[in-house]
Each structure stands twice: as C-alpha cells, then as structure tokens.
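Read off the chains here:
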Amino acid sequence: MKDTAGIPVAFVGIARDITEQKNLRRALEETARQRNEDLQRFAVSVQRVQEEERRRIARELHDDLGQQLSGMKFNIEVFEDSIPETDKQTRSKLEKFMWQIDSMITEIRRISANLHPAVLDDFGLVIALQILCEEFQRMQLIKINFEPPPQTAARHDPHVEIALYRVVQEALSNIAKHAGASAATVRLGQKDGTVSLVIEDDGKGFDLETVHARKDVDRGLGLISMRERSEDLGGKFRIESGPTKGTKIIVEFPVRQ
Ligand SMILES: Nc1ncnc2c1ncn2[C@@H]1O[C@H](COP(=O)(O)OP(=O)(O)O)[C@@H](O)[C@H]1O
Ligand SMILES: [Mg+2]
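Note that the structure is predicted; figures quoted are calculated from it, not measured.

Draft legend 1. Quick peek at the domain arrangement of the protein chain. By domain assignment, the protein chain separates into domain 1 (1–116) and domain 2 (123–254). Summing both partners gives a buried area of about 840 Å² for domain 1 against domain 2, and 38% of it is carried by carbon and sulfur. Viewed at the interface, domain 2 and domain 1 are joined by two salt bridges. With its nearest N and O atoms 3.1 Å apart, the salt bridge here joins Arg229 to Glu51. For the pair domain 1 and domain 2, the interface holds five residue pairs in polar contact (both at pLDDT 80 or more). Where the side of domain 1 that touches domain 2 is concerned, the elements lending two or more residues are helix H1 (7–81) and helix H2 (88–115). Here the element with the most residues in the side of domain 1 that touches domain 2 is H1; it accounts for eight residues.

Draft legend 2. Spotlight on the coordination of the magnesium ion (ligand 2). Taken together, the protein donors to the magnesium ion (ligand 2) comprise Glu170 (OE) and Asn174 (OD1), at separations of 2.1 to 2.3 Å. Placement of the pair is Glu170 and Asn174 together in helix H5 (residues 158–179), with a separation of four residues, close to one helical turn. Glu170 sits in the partly exposed class, given a relative accessible area of 22%. The buried category is assigned to Asn174, whose relative accessible area is 15%.

Draft legend 3. Structural detail: the site of ligand 1. Contacts to ligand 1 come from 17 residues, most closely from Asn174, His178, Asp201, Arg214 and Leu223. One nitrogen or oxygen atom from the side chain of Asn174 is found 2.9 Å from an oxygen atom belonging to ligand 1. Measuring from a nitrogen atom of ligand 1, one finds a side-chain N or O atom of Asp201 at 3.0 Å. In the complex, 86% of the free accessible area of ligand 1, which totals 540 Å², lies under the protein chains. Placement of ligand 1 is best described as lying within the second largest pocket. Of all the secondary structure elements, the ones that give two or more residues to the shell around ligand 1 are H5 and helix H7 (222–232). In terms of residue count, H5 provides more of the shell around ligand 1 than any other element does, six residues in total. Considering only residue class, the shell around ligand 1 consists of six nonpolar, six polar and five charged.

Draft legend 4. Representation of the pattern of salt bridges within the structure. Within this structure, the stated rule accounts for 19 salt bridges. Two residues, Glu30 and Arg33, come together in a salt bridge whose shortest N-O distance is 2.8 Å. Separated by three residues within a single helix, Glu30 and Arg33 lie in helix H1, roughly one turn from each other. The partly exposed category is assigned to Glu30, whose relative accessible area is 34%. Judged by relative accessible area, Arg33 falls into the partly exposed class, the value being 41%. Salt-bridge contacts for Glu147 lead to Arg187; the nearest nitrogen and oxygen are separated by 2.9 Å. Residue Glu147 is located in strand S1 (residues 143–147), and its partner Arg187 is located in strand S2 (residues 183–191); the two are separated by 40 residues in the primary sequence. For Glu147, a relative accessible area of 29% translates into the label partly exposed. With relative accessibility at 30%, the residue Arg187 sits in the partly exposed group. One continuous salt-bridge network, built from bridges that share partners, spans Glu52, Arg55, Arg59 and Asp121.

Here is what the cut-offs are and how they apply
Residues numbered from 1 in each chain as written. Chains lettered and ligands numbered in written order. Predicted model: local features only at pLDDT ≥ 70, side-chain atom pairs only at ≥ 80, totals over all residues. Heavy atoms only, no water. Domains from an automatic or database assignment. Buried area = accessible area lost by both parts, 1.4 Å probe. Salt bridge = Lys/Arg side-chain N within 4 Å of Asp/Glu carboxyl O. Polar contact = N/O pair within 3.5 Å; in protein donor to acceptor, adjacent residues only side chain to side chain. Helix = DSSP H or I, 4+ residues; strand = E, 2+ residues; numbered from the N terminus. Donors = N, O, S within 2.8 Å, 3.2 Å for Na, K, Ca; no water. Buried < 20%, exposed > 50% of the residue type's maximum accessible area, 1.4 Å probe, protein only. Near = heavy atom within 4 Å. Areas by Shrake-Rupley, 256 points an atom, 1.4 Å probe, with all protein chains shown as cover. 1 Å grid on protein atoms, 1.4 Å probe; cavity = no way out; pocket = protein on both sides within 12 Å on 5 of 7 lines; lining within 4 Å. Sits in = over half its atoms within 2 Å of the grid points. Nonpolar A, V, L, I, M, F, W, Y, C, P; charged D, E, K, R; others polar.

Right, here's the structure in full:
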C-alpha cells in the first residue's frame, strides 16, 4: 500500500495472481478428474454392451444354427435308413455328410463358448473356470492346477464374473503364447468381502519395463485389457514377473457380502 515504494503494490498483484492461478489449477484438476471418470464410465458401458452382444450372438449360433444342423443330421440319418444296405456308395456318402455336420456342430459350440461361456450364466464362475482350465490343459498340454475357494462360492455380479473369466482367458492365452511354462496355477479365493484371483506360471517371465516401453503397435492389448477390466469394476490389478521368475497376475475385487 506504500505506493511510493511501489513494491508492496506489486506484491498485492502477485498474491492475487497466485490465488487466481491456484483456483484455475484446481478447476482444471477437477475437470480432468471428471473427464477421467466419464471415460471410465464410458469404457465400462462399452464393455457391457460388447459382452451383451457377444452373449446374444453366442446364443443364436448355438441355439439356432446348432439346432438346425442337428435337425439336418437327423434327416440324413432317416434318409440313410431308406437306402438299401447294398447301395454302399450312397450310404458311405451320407456317413461323410453326417461326419461333416458333426464337426460343424463342434466348431459352432467352440466359437459360441468362446464368445460367451453359457456355463457362466448357468453354473457360475467356479465351474466355468474349472472347465476353462481343463480345456486349456487338454489343448495346450500345460498342467493347470485350479484351486477353487475353500467354501462353496457365492454368485457374484455377472459383470464381475465375466471380467474375472476374461482375465483368466487372456492370462492363459499369454501363458500358451509367451511363457514356455510347464505348469500354472489358477487360484480363486474369497475372504473378508474381497474376491481374489491369482494366475501363476513357472515360465520364463518377462521384464515389465521392457514391455511397457514397447512401441504402440508391438504393445499388445492383453495386459492392458486385463488391467482395465479389473480397475473399471473397482478392482485392483497387479503383475509380478521377471526373467526366470515366472509370471504372477493378481486381481482383487471388493464384493457385496
Ligand atoms: N505369462 C507370460 N510369460 C511370459 N511373457 C509374458 C506373459 N504374459 C505376457 N508376457 C509378455 O508381455 C507381452 C504383452 O502381453 P499382451 O499385452 O497380452 O500382448 P500380446 O499377448 O498380444 O503380445 C507379451 O508380448 C510377452 O512378451
Ligand atoms: Mg496376450
């Protein structure tokens, strides 16, 4: 206020500037936080719509196309009965058609189960994971040790169940593609309002920094989407890995008791 000195007047100006700057920064931070929340909500709803669509296509494939093929096979069987035993050529052609239909039915079941595991809706996460692990072990010849929760697990929110299922699917696919593992463990636990999921392999592991530093095109989406699926639903996601250490993926979700 000593205008003769000049400096105090300048101080008042600077102080006001600083306050304004602080307010501005706070407003910007608030906008950024809201934008982040909006984005996260958007990601969750995109994922839900995508899962819903997958479920619909899976059902249609399985129920409609699958049923029609089974019907076709039945018709051929009936027709075959009307062909004389002596007409071996026609009979063997028909056998071939039926064999082709069988393999189409198997393929449709596989695609449909991959799109959306109906077993998840009907029997829940534990059974769905058990089947997934058994199937993976059979196809990949990697020993999978599935450890379900000690008590009969309660059913969770379907969005949580599908997220955990997708995390295991991606983790197992990474084990098959990258780990060179001979065995892996999938452990599902529940304690004090938290569901925990651990997928651990005895493979060659990887350096997290190196993978994070990869250029976008080489980056891969598996680890990112596992993290997003977990965090979008309020869960925590962690990877422990290192060369020669194997890889451990840990997901924790809060659940309603
Ligand atoms: N279980 C694992 N064992 C060894 N390396 C792994 C494992 N999981 C992931 N990685 C490494 O992390 C990278 C990124 O994985 P991901 O995001 O799923 O992308 P992608 O599988 O398409 O390469 C892989 O390319 C691989 O180098
Ligand atoms: Mg992957």
